[in-house]
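Remarks on the overall topology
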Amino acid sequence: MLSKLTLVLGGAASGKTAFAESLVKSTEAPMVYLATAQALDDEMKARISAHQATRGPGWHVVEAPLNAADALRDASADSVILLDCATMWLSNQMGAEGSDLARAQADLLDALTGCAARVVVVSNELGQSVVPENALARRFRDAQGALNQQIAARADLVVAVMAGLPLPLKGALPGGGAA
């Protein structure tokens, strides 16, 4: 049985989204894809199209680049939500004019904790690379690390994905495999 809140972490192109999708699909519950990406250029449009094709049919898509907390609060208890991804959501928040990042993060964390549905959150692990050369990138890396830690503290299951392989860090994978 899938946990109430699951965090799937990994580097870029690590297989984290595919693994998270497999967790959601295994439930046989109505699937909601909470999309945080914005198609602001042709390259991102192509990435989004590729994700849609890989994901396949059967998903109800909710686009929430900034207001993921509202979508989580509105979720039906019988559904399973895939929030993909917390990193893009954070980037959108940091880039939004007038955004109160601390308030937005607290709102997201409260919504994750109080969501009636089961939720799987995908997020990038940025802390294993070099220290960024500029202040904005360092601020983003630090904010992402803090957000990941806060979600992980609330999650029943935390899984790192490397080279497509799930490594449970906290809790047990559905069907076996304890951390």
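Preceding this paragraph is the structure being described.
In what follows, the accompanying structure is described.

Rules and cut-offs
Residues numbered from 1 in each chain as written. Predicted model: local features only at pLDDT ≥ 70, side-chain atom pairs only at ≥ 80, totals over all residues. Heavy atoms only, no water. Helix = DSSP H or I, 4+ residues; strand = E, 2+ residues; numbered from the N terminus. Rg over C-alpha atoms; globule rule 2.2 N^0.38 Å. Buried < 20%, exposed > 50% of the residue type's maximum accessible area, 1.4 Å probe, protein only. Contact = heavy atoms within 4.5 Å. Areas by Shrake-Rupley, 256 points an atom, 1.4 Å probe, with all protein chains shown as cover. 1 Å grid on protein atoms, 1.4 Å probe; cavity = no way out; pocket = protein on both sides within 12 Å on 5 of 7 lines; lining within 4 Å. Points joined across faces, edges and corners; volume = space filled by probe spheres on them. Nonpolar A, V, L, I, M, F, W, Y, C, P; charged D, E, K, R; others polar. Salt bridge = Lys/Arg side-chain N within 4 Å of Asp/Glu carboxyl O. Polar contact = N/O pair within 3.5 Å; in protein donor to acceptor, adjacent residues only side chain to side chain. Pairing = 2+ DSSP bridges. Axes fitted to C-alpha atoms, helices over the stretch in contact; angles between N-to-C directions.

Considerations on the overall build of the chain
Secondary structure summary: the chain contains six helices and seven strands in total. Its C-alpha atoms give the chain a radius of gyration of 15 Å, within 12% of the compact-globule value 16 Å for 179 residues. C-alpha extents for the chain along the principal axes are approximately 45 × 30 × 30 Å. Across the 179 residues in the chain, those meeting the buried criterion constitute 43%. Of all intrachain contacts in the chain linking residues separated by at least 6 positions in sequence, the fraction that spans at least 24 positions is 73%. Element-wise, carbon and sulfur atoms account for 55% of the exposed surface of the chain, whose accessible area totals about 9,100 Å².

Let's talk about the side chain of Asn-148
Tracing the chain through its elements places Asn-148 in helix 6 (residues 135-154). Asn-148 sits in the buried class, given a relative accessible area of 5%.

Thoughts on the layout of surface pockets
The calculated volume of the largest pocket comes to roughly 650 Å³. Residue lining of the largest pocket: 26 residues in total, with Thr-17, Ala-37, His-51, Asp-84 and Met-88 positioned closest to the centre. Of the residues belonging to the lining of the largest pocket, the class tally is 12 nonpolar, nine polar and five charged.

A short note on the pattern of salt bridges
Per the stated rule, a full pass over the model turns up four salt bridges. In this structure, the salt-bridge partner of Glu-43 is Arg-47, at a minimum N-O distance of 2.3 Å. A residue pair is termed a helical-turn pair when its members lie 3 or 4 positions apart in one helix, as Glu-43 and Arg-47 do in helix 2 (residues 42-55) at four residues. Among the ionic pairs, Arg-73 bridges to Asp-70, the shortest N-O distance being 2.8 Å. In this pair, Arg-73 and Asp-70 are both assigned in helix 3 (residues 68-73), three residues apart and thus about one turn of the helix distant. One salt-bridge network, held together by shared partners, links Asp-70, Arg-73 and Asp-107.

Re helix 4 (residues 86-95)
Within helix 4, seven of the 10 residues are buried, which leaves it mostly tucked inside the rest of the structure. Listed as buried for helix 4 are Ala-86, Thr-87, Trp-89, Leu-90, Asn-92, Gln-93 and Met-94. Those residues of helix 4 hidden inside the fold are in contact with helix 3, strand 4 (80-84), helix 5 (101-114), strand 5 (118-124) and helix 6.

A few points about the side chain of Asp-84
Tracing the backbone shows Asp-84 in strand 4. Engagement of the side chain of Asp-84 in a polar contact is seen with the side chain of Tyr-33, the distance being 2.7 Å. With sequence-adjacent residues up to four places away left out, Asp-84 is seen in contact with Thr-17, Tyr-33, Leu-34, Ala-35, Thr-36, His-51 and Val-122.

Overview of the sheet that holds strand 5
What the seven strands build is an open sheet, ordered 3-2-4-5-1-6-7; its pairing is mixed. Because the sheet does not close on itself, it has two edges, and the strands there are strand 3 (59-63) and strand 7 (165-170). Direction aside, the axes of adjacent strands within the sheet are offset by 20° on average. Summarising the sheet, strand 1 (residues 5-10) and strand 5 pair through six bridges and their orientation is parallel. The residue of strand 5 that forms the bridge with Val-8 is Val-122. Here helix 4 sits on the sheet in contact with strand 4 and strand 5, set at roughly 70° to strand 5.

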